[in-house]
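Residues per chain are reported as follows:
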Amino acid sequence: MLNHLIEFIARTHLVVLHFPIALITVAAIIESTRLLHIKLTRRSISDHFRPSQSASIILAFALASTLIATTTGIILGFDETTAVDLHRILGIASGILILITTIALLIALKKATHKPALVYLAFLCTSALAVSITGHLGGNLTHGEGFLTDPLKQIFNSSSPSSFDSQSDSQPDTQAQDFNITPDALETYNTIIQPILDYSCTKCHGPKKQKGDIRLDTLAYLLDEDFAMIERGDPEASEIIYRITLPRTDEDAMPPLKKSHPLTESQIESIHSWITTLTP
Ligand code: HEC
């Protein structure tokens, strides 16, 4: 019961995190445009640039939501098996930066000169940058690395076909023979199975990380007898089926409970029946 409550609180990280990103950015935009406006209207910065009231209120809310986001983030990552990553380091650093920004704001409000206000603005913009980078790295954690940028890479590399295209384009029949599976099974693999694995598994079992020393990003790895992931024709004896059908709370369950994208019933069913079609 307490466990579930803690898990719930930890997961609110994924909701709360949006507030610091948006609020800090908005505060930075307000203050920067005010400074710009003073410059454009050729007024004296030393006479006119002071922290704005609206940005100060936004920063107060940003600070509060940052404290919650950092705390829930630390709880969420607490019993992670992976080492402390850049997202966590930057997350905590951003929290500290926003705290310093708030202190800089308080000083700037007290001193009625423009220099502390400029220091505050510098910290505010640095915080906005740090929070955005942290958010992006966090996005990579939940959606898989390159989730955002991969489609762009596809556009610029369109001359070199993606691995997916090259697999399905290069004479499927010979490929099927190489792996000793039917062309139908190969087709199902390319269109249904690999996309499921790409979405839920390959960020930990792919080119970048090989957790448990296995890879699930190509058919060759999936069928590799050394890895023993799949028992052809016998899903019940296949390690991969065992792992994805364990109760979600079992610590051997895949993908691990803490990470998103557990497989749906129908995805499990697809993998299950695909293995049935493979002849030993
Ligand atoms: C967040 C990272 C992560 C994701 C996502 C993930 N795994 Fe894992 N996986 C691990 C870790 C860590 C281990 C090693 C610890 C263990 O054996 O339980 C592991 C081990 C395994 C093993 C056992 C390997 C062996 O040595 O026998 C299998 C099978 C497996 N994962 C399958 C999957 C499948 C299938 C998916 C997608 C549905 C998946 N994993 C998604 C982290 C992940």
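Calculation notes
In this convention, every chain numbers its residues from 1, walking through the sequence in written order. Note on the predicted model: pLDDT of at least 70 is required for a residue's local features to be given, and 80 or more for side-chain atom pairs to be given and counted; whole-chain, interface and lining totals, by contrast, use all residues. Under the DSSP-based scheme used, a helix requires at least four consecutive residues in state H or I and a strand at least two consecutive residues in state E, with every element numbered from the N terminus. Both definitions apply: the radius of gyration is a C-alpha atom measure, and the globule rule equals 2.2 Å times residues to the power 0.38. Whether a residue is buried, exposed or partly exposed follows from its count of other C-beta atoms within 10 Å of its own C-beta, namely 20 or more, 12 or fewer, or something in between, respectively; the C-beta atoms are built from the backbone. Nonpolar core, as used here: buried Ala, Val, Leu, Ile, Met, Phe, Trp, Tyr and Cys residues forming one set through C-beta atoms within 7 Å. Placing the C-beta atom from the backbone, one calls a residue near a molecule or strand if that atom lies within 6 Å of it. Expected helix span is given by 1.5 Å per residue-to-residue step, counting one fewer step than there are residues. Working definition of a contact: two residues with C-beta atoms, positioned from the backbone, lying within 7 Å. Only C-alpha atoms enter the line fits that serve as axes; for helices the fit covers just the stretch in contact. Angles between N-to-C directions range over 0 to 180 degrees. An angle below 35 degrees is read as roughly parallel, one above 145 as roughly antiparallel, one from 65 to 115 as roughly perpendicular, and any other as oblique. Crossing handedness is read from the near helix: turned anticlockwise from the far helix by less than a right angle, it gives a left-handed crossing, and turned clockwise, a right-handed one. Basically, the charged four are Asp, Glu, Lys and Arg, the nonpolar ten are Ala, Val, Leu, Ile, Met, Phe, Trp, Tyr, Cys and Pro, and anything else, Gly included, counts as polar. Bear in mind that the domain bounds are from an automatic or database domain assignment.

Provide a residue-level description of the overall build of the protein, including the pertinent values.
The helix and strand tally for the protein stands at 14 helices and zero strands. Each helix and strand of the protein, placed in order from N terminus to C terminus, yields the pattern α-α-α-α-α-α-α-α-α-α-α-α-α-α. For 280 residues, the compact-globule estimate of 2.2 N^0.38 gives 19 Å, and the protein exceeds it by more than 25% at 25 Å. Projected onto the principal axes, the alpha-carbon positions of the protein cover approximately 80 × 55 × 25 Å. For the protein, with 280 residues in total, the buried portion stands at 28%.

Report on the nonpolar core, specifying residues and quantitative values.
If you look at the biggest cluster of nonpolar residues, it comprises 24 residues, and the most contacted ones within it are I24, A27, I58, L59, A62, Y120 and L124. Of all the secondary-structure elements, those providing two or more residues to this core are α3 (18-40), α5 (53-76), α6 (86-110) and α7 (114-143). Among the elements that take part in this core, α7 stands out by supplying seven residues, more than any other.

Could you give an account of the environment of T126, with specific residues and numbers?
Inspection of the secondary structure assignment puts T126 in helix α7. Measuring from C-alpha to C-alpha, the distance between T126 and T149 comes to 23 Å, with 23 residues separating the pair along the chain.

Give me the lowdown on the site of the ligand, citing residues and values where you can.
In the vicinity of the ligand lie 22 residues, with C201, C204, K211, G212 and M254 positioned nearest. The element best represented in the shell around the ligand is helix α13 (residues 239-245), accounting for four residues.

I'd like a description of α3, backed by residues and values.
Here α3 spans 32 Å end to end across 23 residues, near enough to the 33 Å set by a 1.5 Å rise per residue. Taken together, the buried positions of α3 are occupied by P20, I21, L23, I24, T25, A27, A28 and E31. Those residues of α3 that are buried lie in contact with α5, α6 and α7. Residue R42 follows α3 closely and has a positive phi angle near 55°.

Which residues make up the packing of α3 against α5, and what are the values?
Two elements in contact, α3 and α5, have axes separated by 8 Å at closest approach and are oriented at 155°. Taken together, the axes of α3 and α5 lie roughly antiparallel to each other. Crossing hand, α3 versus α5: left-handed. For the pair α3 and α5, contact is made by F19, P20, L23, I24, V26, A27, I30 and E31 and by S54, A55, I58, L59, F61, A62, S65, T66 and A69, respectively. For the contact of α3 with α5, the per-class residue count stands at 13 nonpolar, three polar and one charged.

Hey, could you go over the environment of F19 for me, with residue numbers and the actual values?
The residue F19 is located in helix α3 in this model. Judged by C-beta crowding, with 16 C-beta atoms within 10 Å, F19 ranks as partly exposed. Considered as a pair, F19 and A64 are 45 residues apart in the sequence and their alpha carbons are 9.5 Å apart.

So what's going on with the domain arrangement of the protein? Which residues, and what values?
The parts lose accessible area when they come together, and the size of an interface is often stated as this lost area. Domain annotation of the protein identifies domain 1 (2-143) and domain 2 (154-277). Averaged C-alpha coordinates put domain 1 and domain 2 at centres separated by 40 Å.

So what's going on with unusual backbone geometry? Residues and values would help.
Cis geometry marks the peptide bond from M254 to P255, where omega comes out at -10°. Topologically, P255 is positioned in the loop between α13 and α14 (265-277). Positive phi values are uncommon outside glycine, yet R42 reaches one of about 55°. Position of R42 among the secondary structure elements: in the loop between α3 and α4 (45-48).

How would you explain α6 if you had to name every residue and give the values?
Over its 25 residues, α6 extends 36 Å from the first C-alpha to the last, a length consistent with the 36 Å expected when each residue adds 1.5 Å. Residues H87, R88, G91, S94, G95, L97, I98, T101, T102, A104, L105 and A108 constitute the buried set of α6. On the buried face of α6, the contacting elements are α3, α5 and α7.

Report on the packing of α3 against α7, specifying residues and quantitative values.
Put simply, α3 and α7 touch, their axes get as near as 9 Å, and they point 145° apart. Helix-helix and strand crossings are classified by hand; for α3 and α7 the assignment is left-handed. Along the contact surface, α3 presents P20, I21, I24, T25, A27, A28, E31, S32 and L35, while α7 presents L121, L124, C125, S127, A128, V131, S132 and G135. Grouping the amino acids of the contact of α3 with α7 by side-chain chemistry returns 11 nonpolar, five polar and one charged.

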